[in-house]
Amino acid sequence: MFVNSVNLSPNKAIGQKLNSICYIKKTLIRTTRSSIRSGNLNNKDFEKNKIETEKIIFEGPPSIFELIIPTLSILTVIGIIPFVATLTRQIWVQYKITNRRISVTSGFQGKDKVDIVYRDIKKVSFITRYWGNSADVVLVLKDNAQLELRSLPEWETNINYIKEQCGDSVEFN
């Protein structure tokens, strides 16, 4: 007697929503397939819109060449301080350049992390150090914030890759 009086309308509403979601998904798939077949959307555009995996181009600490002068200055008592500061930078700072972003991890045990994407870069400036073995790179973002990559090793290949990813709208000095 009580079984017949149960209201089944919430189940019907859920079923109708699921059916409409399935219909939208099927329509989207059919539209995409027909666009590819008709030539309105070619495979290159379709492949470009896919999310590609993040590929690491460079990952590592600042250049080891930045330890040369502080190591030589350790002969003086005052030279111990720059040597320790440079050594801690070697241990605590990590640069990572990928096909999607540039990351700088720093601080004690890597607690500070800065990630920027290429579309946010407005200007790139760099100056070489240590006889061209490394470079100091400054990335100016669209909100005028700056990210400094000090003693970036393999700087020529990294700068060329950043140029390639940023496009023509970014100013390089």
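All figures in this text were calculated on a predicted structure; none of them were measured in a lab.

Rules behind the numbers
- Residues numbered from 1 in each chain as written.
- Predicted model: local features only at pLDDT ≥ 70, side-chain atom pairs only at ≥ 80, totals over all residues.
- Heavy atoms only, no water.
- Helix = DSSP H or I, 4+ residues; strand = E, 2+ residues; numbered from the N terminus.
- Contact = heavy atoms within 4.5 Å.
- Areas by Shrake-Rupley, 256 points an atom, 1.4 Å probe, with all protein chains shown as cover.
- Phe/Tyr/Trp six-rings, centres within 6.5 Å; stacked < 30°, edge-to-face > 60°.
- Buried < 20%, exposed > 50% of the residue type's maximum accessible area, 1.4 Å probe, protein only.
- Pairing = 2+ DSSP bridges.
- Axes fitted to C-alpha atoms, helices over the stretch in contact; angles between N-to-C directions.
- Patch = residues over 30% accessible without salt bridge, like charges linked within 9 Å, V, L, I, M, F, W, Y side chains within 5 Å.
- Salt bridge = Lys/Arg side-chain N within 4 Å of Asp/Glu carboxyl O.

Caption draft 1: Layout of the overall build of the protein. Across its full length, the protein carries five helices and eight strands. Starting at the N terminus and walking to the C terminus, you meet the elements of the protein as α-α-β-α-α-β-β-β-β-β-β-α-β. Across the protein, the fraction of contacts at a sequence separation of at least 24, relative to all contacts at a separation of at least 6, is 45%. Only carbon and sulfur atoms are counted for the fraction: they give 59% of the accessible area of the protein, which is about 12500 Å².

Caption draft 2: Examining the packing of aromatic side chains more closely. A full pass over the atoms with the stated rule returns four aromatic pairs. Between the aromatic rings of Trp92 and Phe108, the centroid separation amounts to 5.6 Å while the plane-to-plane angle is 80°, which identifies the pairing as edge-to-face. A residue pair is termed long-range when its members are at least 10 positions apart, and Trp92 in helix 4 (residues 80-92) and Phe108 in the loop between strand 3 (101-106) and strand 4 (112-117) qualify at 16 residues. Taking relative accessible area as the criterion, Trp92 reaches 38% and is therefore assigned partly exposed. The interplanar angle of 55° and the centroid separation of 6.4 Å between the aromatic rings of Tyr130 and Trp131 together place this pair among those described as tilted.

Caption draft 3: Focus on the sheet that holds strand 6 (residues 134-141). Read from one edge of the open sheet, four strands run 7-6-5-8, paired in mixed fashion. In this open sheet, the two edge strands, each paired with only one partner strand, are strand 7 (146-153) and strand 8 (171-172). Sheet analysis places strand 5 (residues 121-129) next to strand 6, joined by eight bridges and oriented antiparallel. Counterpart to Ser125 in the pairing with strand 6 is Val138. Taken strand by strand, helix 5 (residues 155-166) contacts strand 5, strand 6, strand 7 and strand 8, and its axis lies near 170° from that of strand 5.

Caption draft 4: Representation of a nonpolar patch on the surface within the structure. A grouping of Ile64, Phe65, Ile68, Ile69, Leu72 and Trp131 is seen on the molecular surface, where their side chains present a nonpolar patch of about 670 Å² in accessible area. Within the secondary structure, Leu72 sits in helix 3 (residues 68-72).

Caption draft 5: A look at unusual backbone geometry. Residue Trp131 is not a glycine yet carries a positive backbone phi of 60°. Inspection of the secondary structure puts Trp131 in the loop between strand 5 and strand 6. Non-glycine residue Ser151 carries a positive phi angle of around 55°. Note on placement: Ser151 falls in strand 7. Given a relative accessible area of 0%, Ser151 falls into the buried group.

Caption draft 6: Local environment of the environment of Pro61. For Pro61, the position within the fold is in the loop between strand 1 (56-60) and helix 3. Residue Pro61 is classed as partly exposed on the basis of its relative accessible area of 32%. Between the alpha carbons of Pro61 and Ser106 there is a distance of 9.9 Å; along the sequence they are 45 residues apart. Discounting chain neighbours no more than four positions away, the residues touching Pro61 are Gln90, Val93, Gln94, Tyr95 and Pro153.

Caption draft 7: Region of the structure containing the sheet that holds strand 2 (residues 94-98). Strand order in this open sheet of four strands is 1-2-3-4, and the pairing throughout is antiparallel. At either margin of the open sheet sits one strand with a lone partner, and together these are strand 1 and strand 4. Across the sheet, the axes of successive neighbouring strands diverge by a mean angle of 10°, strand direction being ignored. Of the pairings in the sheet, the one linking strand 1 to strand 2 comprises four bridges and is antiparallel in character. Counterpart to Phe58 in the pairing with strand 2 is Ile97. This element, helix 5, spans strand 1, strand 2 and strand 3 of the sheet and lies at about 45° to strand 2.

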